Amino acid sequence: MSKTSSPLLDVQNLRVSFRQDGKVTEAVRGVSFSVDRGETVALVGESGSGKSVSALSTVSLLGDSATVEGSVTYNGTEMVGARERDLMKVRGNDISFIFQEPMTSLNPLHTIERQLAESLALHQGLAGKAARERILELLNKVGIRDAENRLTSYPHQLSGGQRQRVMIAMALANKPDILIADEPTTALDVTIQAQILDLLAELKESEGMGLLFITHDLGIVRRIADRVCVMKSGEIVEEGPAAELFANPQHPYTQKLLAAEPSGQPQPVAPDAQELVSAKDLKVWFPIQRGFLKRTVGHVKAVNPMSVSVRAGETLGIVGESGSGKTTLALAIMRLIASEGAVTFQGQDLRKWSTRDLRKLRKDMQIVFQDPFGSLSPRMTCAEIISEGLAIHKVDQHRDTRELVAEVMTEVGLDPAAMDRYPHEFSGGQRQRIAIARAMVLRPKLVVLDEPTSALDMTVQVQIVELLRDLQTRYGLAYLFISHDLNVVRAMSHKVVVMNQGDVVETGAAEDLFVNPRAEYTRKLLAAAG
């Protein structure tokens with residue numbers, strides 16, 4: 001399509017409704033905005049506000065259940081009602097998308113090289129050596145370490161952050177006119193997030209690319225956006241230049257969003273608190289095996305020998321970039337993966353415990369994962385999900401199960417009347433509360449929290465942080481808190497361990513570490529976050 005003057009993308013009076021089971025739900029109500037060449041426009045709002053639906057409407061990616069009204073023009077050409085053949089020329093070429101969850105966007109059966117090569121072949125006709133060189137250039141540009149050896153990797157062999165970087169490389173492959181980025185940095189650590197934002201800003205300037213950025217993270221919006229549209233319940237409630245909107249927000253909802261940031265500190269640990277879990281010289285190396293006989297030719301050094309401990313009522317924050325060994329460390333402490341070194345839980349050396357004996361401890365050691373939707377069975381009701389562990393571990397068998405479920409749901413801020421609903425009927429924040437309730441119903445002593453707030457809106461993040469601190473104070477819980485969000489780590493942690501490529505580069509009291517970091521790597525993390 002030929003280039004014309006701005007605006008590059010013009011959305012006027014967009015209305016989107018969905019018909020399901022005879023009911024019509026209006027998701028977007030009369031939204032209007034535009035994106036010029038070289039401009040970044042941010043759509044901001046909580047989950048369900050209509051941000052993603054508005055973006056997907058631009059090239060008709062909503063499916064048959066959606067009715068789209070209004071006007072969306074790209075380069076002066078109307079997209080609403082356009083022929084599928086014309087839309088296919090625009091999608092992924094002139095208008096590219098980066099989505100939030102790369103595992104649902106990447107093909108699990110194809111290597112990274114093949115998936116990038118498909119896009120280059122379709123839109124640019126590149127193949128062979130030329131395609132491979134372009135793929136390596138893209139992977140290096142988005143911060144994939146050792147890019148050449150990653151070409152043959154499958155999505156499941158990459159960390160969450162690495163998968164997202166591959167998605168960004170795919171979106172940038174054909175040098176689009178408009179890049180629509182839907183929560184593209186949610187899964188990324190702060191240093192890579194900073195690199196990606198800088199990269200997008202650089203491409204915007206050099207290529208004259210328009211950027212529509214969808215996010216709930218106002219820190220990113222402040223850093224990258226030229227203009228901001230604040231959405232609530234399918235409508236834009238406030239719009240304006242980023243600097244003006246942040247300096248003087250007019251709408252109460254905008255003011256609420258800007259005020260939502262985790263703050264405060266956890267309650268101090270009791271002086272006589274007992275050490276609950278400790279690891280000494282803990283090491284996790286995964287063998288690299290090659291050839292027909294699967295000989296070990298090297299190791300992936302996920303966690304190099306290190307020692308940590310956590311007391312009852314204490315939170316140990318574990319921070320570092322993707323692939324630094326944070327989650328591997330936690331899983332090794334939980335004895336869920338093989339490791340070397342000593343792990344002691346309540347004074348007992350777990351090396352001497354058999355798999356059967358360890359099962360008895362699982363009630364006292366629970367995990368809450370990053371993606372509540374992925375970790376909750378879509379075929380089980382809320383009550384069945386929460387109560388599953390009660391039956392397995394034979395907890396409180398003398399009490400009515402639904403009564404216990406209702407009690408823990410109330411405790412985590414859920415309405416017990418919703419216990420017979422399924423996960424898809426809850427919001428993201430509510431699903432995370434279900435995941436927390438599933439762990440808490442067993443009254444554990446140690447809980448691993450693996451990025452529990454990263455996929456949540458800022459206002460919901462604050463609620464979850466306050467909930468976790470309240471539960472810790474009430475029950476003397478020990479937390480291993482894994483996150484790349486340093487604001488959340490600071491609000492949750494008593495002690496912090498900073499990891500980089502399997503090594504502990506710094507450890508200490510949370511406030512000391514944030515105020516006066518000693519290691520250069522820690523200073524780099526803090527600078528990227530702030």
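To keep things clear, this report deals only with the structure shown in the data block. Computed from a predicted structure; not experimentally measured.

**Remarks on the layout of surface pockets**
The space that makes up the second largest pocket amounts to roughly 710 Å³. Looking at the second largest pocket, it is lined by 34 residues, and the ones nearest its centre are D217, G219, I220, N487 and A529. Sorting the residues of the lining of the second largest pocket by element identifies α8 (190–207), α9 (218–224), α11 (252–259), α18 (458–475), α19 (486–492) and α21 (520–529) as the ones contributing at least two each. In terms of residue count, α9 provides more of the lining of the second largest pocket than any other element does, 5 residues in total. Broken down by class, the residue content of the lining of the second largest pocket amounts to 16 nonpolar, 11 polar and 7 charged.

**Quick word on the sheet that holds strand β4 (residues 66–74)**
What the 4 strands build is an open sheet, ordered β2-β1-β4-β5; its pairing is antiparallel. Looking at strand neighbours, the two that pair on one side only are β2 (23–35) and β5 (77–78), the edges of this open sheet.

**Topic: the environment of T191**
Its location among the elements puts T191 in helix α8. Judged by its relative accessible area of 3%, T191 falls in the buried class. Sequence separation of T191 and L526 is 335 residues, and the distance between their C-alpha atoms is 8.8 Å. Not counting residues up to four positions away in its chain, the partners in contact with T191 are E321, K524, L525 and A528.

**Thoughts on the packing of aromatic side chains**
According to the stated counting rule, one finds 1 aromatic pair in the structure shown. Plain terms: the ring middles of F97 and F99 are 5.4 Å apart, the flat faces sit at 10 degrees to each other, and that makes the pair stacked. Residue class for F97 comes out buried when judged on its relative accessible area of 13%. The class for F99 is partly exposed, based on a relative accessible area of 28%.

**Side note on the sheet that holds strand β12 (residues 295–311)**
Pairing is antiparallel in the open sheet, where 4 strands are placed in the order β12-β11-β14-β15. Edge positions in the open sheet fall to β12 and β15 (348–349), since each of these has one partner strand only. Sheet topology places strand β11 (residues 275–290) next to β12; 12 bridges connect them, and they run antiparallel. Bridge assignment links P287 to a residue of β12, and that residue is H299.

**Some words on the nonpolar core**
In terms of nonpolar packing, the biggest core is built from 54 residues, with I386, I436 and Y479 touching the most fellow members. Here I436 is in contact with V368, V412, I464, L467, L468 and L471, once residues within four sequence places are set aside. Ranked by size, the runner-up nonpolar core spans 37 residues in total, among them A131, I144, M170 and L199.

**Here's the deal with the side chain of E46**
Topologically, E46 is positioned in the loop between β3 (40–44) and α1 (51–57). Buried charge without a partner: E46 forms no salt bridge, and the closest opposite charge is K256, 4.1 Å away. E46 has contacts with K51, Y253, K256, L257, D457 and T459, leaving out every residue within four places of it along the chain.

**Quick look at α21**
Residues of α21 that are buried include every one of Y521, T522, L525 and A528, and no others. In an axial view of α21, the angular spread of the buried residues amounts to 130 degrees, which keeps them on one side of the axis. Opposite the packed face of α21, turned more than 90 degrees from it, sit the exposed residues E520 and A527.

What counts as what
- Residues numbered from 1 in each chain as written.
- Predicted model: local features only at pLDDT ≥ 70, side-chain atom pairs only at ≥ 80, totals over all residues.
- Heavy atoms only, no water.
- 1 Å grid on protein atoms, 1.4 Å probe; cavity = no way out; pocket = protein on both sides within 12 Å on 5 of 7 lines; lining within 4 Å.
- Points joined across faces, edges and corners; volume = space filled by probe spheres on them.
- Helix = DSSP H or I, 4+ residues; strand = E, 2+ residues; numbered from the N terminus.
- Nonpolar A, V, L, I, M, F, W, Y, C, P; charged D, E, K, R; others polar.
- Pairing = 2+ DSSP bridges.
- Buried < 20%, exposed > 50% of the residue type's maximum accessible area, 1.4 Å probe, protein only.
- Contact = heavy atoms within 4.5 Å.
- Phe/Tyr/Trp six-rings, centres within 6.5 Å; stacked < 30°, edge-to-face > 60°.
- Core = buried A, V, L, I, M, F, W, Y, C linked by side-chain atoms within 4.5 Å.
- Lys, Arg positive; Asp, Glu negative; His and termini not counted.
- Salt bridge = Lys/Arg side-chain N within 4 Å of Asp/Glu carboxyl O.
- Arc of directions from axis to C-beta.

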